[in-house]
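The residues making up each chain are set out below.
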Amino acid sequence: MSAANGSGKLLPMKIRAETAEDNEAIAHLIRAAFALAEHASGQEARIVERLRAADRLTLSLIAEDGGHVVGHAAFSPVTISDGSTGWYGLGPVAVLPGCWRRGVGRSLVDQGLQELRAIGARGCVVLGDPAYYRRFGFRAGPDLVLPGVPGEYFQSLRLRRDAAAKGVVAYDAAFED
Ligand SMILES: CC(C)(COP(=O)(O)OP(=O)(O)OC[C@H]1O[C@@H](n2cnc3c(N)ncnc32)[C@H](O)[C@@H]1OP(=O)(O)O)[C@@H](O)C(=O)NCCC(=O)NCCS
């Protein structure tokens, strides 16, 4: 796998699980990315820290380029009011400004979804721009609802055929204000 750095030069890019040494770099890049995002609460780095502290970071993947952390994606368990299990929420996803539009976000999400499939996950939800998440197969629909957000921004992806789920979705308490 490869991506290009800020100068456009192709470099090998590695997607791997976070280690304790990455925590500071992850927080820094999340703050830098969301400072430029259209929709941001300013709490994204804190959410990842809270998930980590509560041992609810099912996957915390980083993209490393030339030894630098340039991207991060978090996946954590969600609950659904119909009692369905094995569903996860993707987010936050952040790529260091300067490294955007070079496939870093795509590599992180692809790898995360592959790893979720490998652990038998039934599905994944995401709150975000439909134009971005559509490419991974996420679709908005009436079956899964996140209260308080416009329906088109809340999308889901079944990872298994037997993954029919219907109801109100709740993220981990780490996402609460
Ligand atoms: C969104 C983000 C993670 C994308 O990372 P990235 O590494 O630039 O993404 P990729 O290079 O894999 O994909 C880029 C593609 O997505 C498109 N894209 C990027 N952000 C998009 C958005 N918000 N809406 C629609 N399309 C978007 C680009 O146009 C590009 O399309 P192309 O390949 O057809 O040219 C990054 O821009 C970021 O960190 N943004 C700030 C934080 C944020 O908004 N996170 C997502 C919250 S839901």
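Structure: above.
Since this is a predicted model, take the numbers as computed values, not measurements. (Residues numbered from 1 in each chain as written. Predicted model: local features only at pLDDT ≥ 70, side-chain atom pairs only at ≥ 80, totals over all residues. Heavy atoms only, no water.)

Participant: Go over the overall build of the chain with me, naming the residues and quoting the values.
Facilitator: Helix and strand counts for the chain come out as four helices and 11 strands. A globule of 177 residues ought to have a C-alpha radius of gyration of about 16 Å, and the chain, at 16 Å, matches this closely. Projecting the C-alpha coordinates of the chain onto the three principal axes gives extents of approximately 45 × 30 × 30 Å. When each of the 177 residues of the chain is scored for burial, the buried share is 44%. A sequence separation of at least 24 residues applies to 63% of the contacts in the chain between residues at least 6 apart. Summing over all exposed atoms, the chain offers an accessible surface of approximately 9300 Å²; the carbon and sulfur share of this is 51%. In the chain, the 20 positive side-chain charges and the 20 negative ones have mean positions that sit 7 Å from each other. (Helix = DSSP H or I, 4+ residues; strand = E, 2+ residues; numbered from the N terminus. Rg over C-alpha atoms; globule rule 2.2 N^0.38 Å. Buried < 20%, exposed > 50% of the residue type's maximum accessible area, 1.4 Å probe, protein only. Contact = heavy atoms within 4.5 Å. Areas by Shrake-Rupley, 256 points an atom, 1.4 Å probe, with all protein chains shown as cover. Lys, Arg positive; Asp, Glu negative; His and termini not counted. Charge placed at Lys NZ, Arg CZ, Asp CG, Glu CD.)

Participant: Go over the site of the ligand, please, and point to the residues and values.
Facilitator: Near the ligand you find 20 residues, and of these Val 95, Arg 101, Gly 103, Gly 105 and Arg 106 are the closest. In this structure, Arg 101 approaches the ligand through a main-chain N or O atom, which is 2.6 Å from an oxygen atom. Between the ligand and Arg 135 there is a distance of 3.4 Å, counted from an oxygen atom to a side-chain nitrogen or oxygen. When the free accessible area of the ligand is taken as 890 Å², the share hidden by the protein chains comes to 71%. Tallied by class, the residues present in the shell around the ligand amount to 12 nonpolar, three polar and five charged. (Near = heavy atom within 4 Å. Polar contact = N/O pair within 3.5 Å; in protein donor to acceptor, adjacent residues only side chain to side chain. Nonpolar A, V, L, I, M, F, W, Y, C, P; charged D, E, K, R; others polar.)

Participant: Let's hear about the pairing of strand β11 (residues 167–170): which residues, and what values?
Facilitator: Pairing analysis gives two bridges linking strand β5 (residues 79–80) to β11, with the strands arranged antiparallel. Note that in β11 the partner of Thr 79 across the bridge is Ala 170. Of the strand pairs in this sheet, strand β9 (residues 144–145) and β11 are connected by two bridges, and their pairing is parallel. Considered in β11, the bridge of Leu 144 is made with Gly 167. (Pairing = 2+ DSSP bridges.)

Participant: For the packing of helix α1 (residues 23–35) against helix α2 (residues 44–53), give the residues involved together with the corresponding values.
Facilitator: For the pair α1 and α2, interaxial distance at closest approach is 8 Å and the crossing angle is 150°. Classified by the interaxial angle, the pair formed by α1 and α2 is roughly antiparallel. Between α1 and α2, the residues in contact are Asn 23, Ile 26, Ala 27, Ile 30, Arg 31 and Phe 34 and Glu 44, Ala 45, Val 48, Glu 49 and Arg 52, respectively. Partitioned by chemical class, the residues of the contact of α1 with α2 number six nonpolar, one polar and four charged. (Axes fitted to C-alpha atoms, helices over the stretch in contact; angles between N-to-C directions. Parallel < 35°, antiparallel > 145°, perpendicular 65-115°, else oblique.)

Participant: Please give an account of the pairing of strand β4 (residues 68–77) that cites residues and values.
Facilitator: Side-chain direction in a regular strand flips from residue to residue, so the side chains alternate between the two faces of the sheet. In terms of burial, β4 is a largely internal element, nine of the 10 residues being buried. Here strand β3 (residues 59–65) pairs with β4 via seven bridges, running antiparallel. Residue pairing across strands places Leu 61 opposite Ala 73, the latter belonging to β4. Between the antiparallel neighbours β3 and β4 lie two residues, among them Gly 66 with a positive phi of about 55°. Judged from the six bridges that link them, β4 and strand β6 (residues 87–95) form a sheet pairing that is antiparallel.

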